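Fold and geometry: a report
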Amino acid sequence: MLTRVTDTIIEELIDATCSDTRSRHFFLHALHGLVRVAKAEQLQELRMDVKLSTGEISQPEGCDSDSRAPT
């Protein structure tokens with residue numbers, strides 16, 4: 001029984017693209033790994049934003065925006 005939306009989407013993608021068992025197994029684990037990495041990156045960004053907003057770390061000199069794009 002799938003309970004998360006990401007599990008359902010991954011299953012639908014695999015059903016639409018893979019016909020053999022080996023490919024299904026490979027893509028299932030690859031896509032779940034990708035979701036885990038994305039969650040970890042999101043959590044890391046959230047923690048950094050909390051530190052910035054609470055003053056635990058300061059913005060670099062001359063930085064007047066929250067943009068992370070290179071200038």
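Residues numbered from 1 in each chain as written. Predicted model: local features only at pLDDT ≥ 70, side-chain atom pairs only at ≥ 80, totals over all residues. Heavy atoms only, no water.

1. With respect to a nonpolar patch on the surface
- A grouping of Val5, Ile9 and Leu13 is seen on the molecular surface, where their side chains present a nonpolar patch of about 280 Å² in accessible area.
- Among the secondary structure elements, leucine 13 is positioned in helix H1 (residues 5-17).
- Judged by its relative accessible area of 43%, leucine 13 is partly exposed. (Patch = residues over 30% accessible without salt bridge, like charges linked within 9 Å, V, L, I, M, F, W, Y side chains within 5 Å. Areas by Shrake-Rupley, 256 points an atom, 1.4 Å probe, with all protein chains shown as cover. Salt bridge = Lys/Arg side-chain N within 4 Å of Asp/Glu carboxyl O. Helix = DSSP H or I, 4+ residues; strand = E, 2+ residues; numbered from the N terminus. Buried < 20%, exposed > 50% of the residue type's maximum accessible area, 1.4 Å probe, protein only.)

2. Here's the deal with H1
- In this model H1 runs 19 Å from its N-terminal to its C-terminal C-alpha over 13 residues, within 8% of the 18 Å that 1.5 Å per residue would give.
- Along H1, the positions that sit buried rather than exposed are Asp7, Ile10 and Ile14. One face of H1 carries all of its buried residues, which in axial projection span an arc of 65°. Seen from the buried face of H1, the exposed residues on the opposite side, beyond 90 degrees, are Val5, Glu12 and Ala16.
- Summarising the contacts, the buried residues of H1 are in contact with helix H2 (21-54). (Expected span 1.5 Å × (residues − 1). Arc of directions from axis to C-beta. Contact = heavy atoms within 4.5 Å.)

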